Amino acid sequence: MGDHVARCDDFEKKAEEKLSGWGLFSSKYEDTANLFDKAANSFKLAKNWSKLQRGKTEAAGLKQLGTCLSLERHYALRHVLVLQV
C-alpha cells in the first residue's frame, strides 16, 4: 500500500512540474492529463478515494482544455492561411 502512495505522489509531482513548464511544440495538457490519470489509478490501488477523484477531475479538465486549445490553434492557422491566399 505504501508503494502505491509513493507512486501516486511521484506522478502528481511530475504532472505539476509538466503543467508549470513550457510546452511550445508538445501536447503539454494531454501529457499532464495522462500523468494525473496514472496518479489516479495508483490512488485507486491504494484505496485513497478522495485523491482518486481529484486526479480524475484534474485529468478530465486538462484533456478538455488541451482539446479546446488544439481547436483554437487549428482555426487560427486556418484563418491565417485563408488570408494569405
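Before any of the text, the structure's been laid out above.
Described below are features of the structure shown in this document. Note that this is a predicted model, so its numbers are computed, not measured.

1. Some details on the pattern of salt bridges
Thought 1: Inspection of the entire model under this criterion finds 6 salt bridges.
Thought 2: When the shortest N-O distance is used, the salt bridge between Glu-16 and Arg-54 registers 3.7 Å. Of this pair, Glu-16 sits in helix H1 (residues 2-20) while Arg-54 sits in helix H3 (residues 49-84), and the two are 38 residues apart along the sequence.
Thought 3: Across the salt bridge formed by Lys-63 and Asp-37, the nearest N and O atoms sit 2.8 Å from each other. Of this pair, Lys-63 sits in helix H3 while Asp-37 sits in helix H2 (residues 28-45), and the two are 26 residues apart along the sequence.
Thought 4: For Asp-37, a relative accessible area of 15% gives the class buried.
Thought 5: Three or more residues are tied together by salt bridges with common partners; here these are Glu-12, Glu-16 and Arg-54.

2. Structural notes on the nonpolar core
Thought 1: Counting 12 residues, the largest nonpolar core is built from Cys-8, Phe-11, Ala-15, Ala-33, Leu-35, Phe-36, Ala-39, Ala-40, Phe-43, Leu-52, Ala-59 and Leu-62.
Thought 2: Top contributing element to this core by residue count: H2, with 6 residues.
Thought 3: Leaving out residues up to four positions away in the same chain, Ala-39 has contacts with Cys-8, Phe-11 and Glu-12.

About the thresholds
Residues numbered from 1 in each chain as written. Predicted model: local features only at pLDDT ≥ 70, side-chain atom pairs only at ≥ 80, totals over all residues. Heavy atoms only, no water. Salt bridge = Lys/Arg side-chain N within 4 Å of Asp/Glu carboxyl O. Helix = DSSP H or I, 4+ residues; strand = E, 2+ residues; numbered from the N terminus. Buried < 20%, exposed > 50% of the residue type's maximum accessible area, 1.4 Å probe, protein only. Core = buried A, V, L, I, M, F, W, Y, C linked by side-chain atoms within 4.5 Å. Contact = heavy atoms within 4.5 Å.

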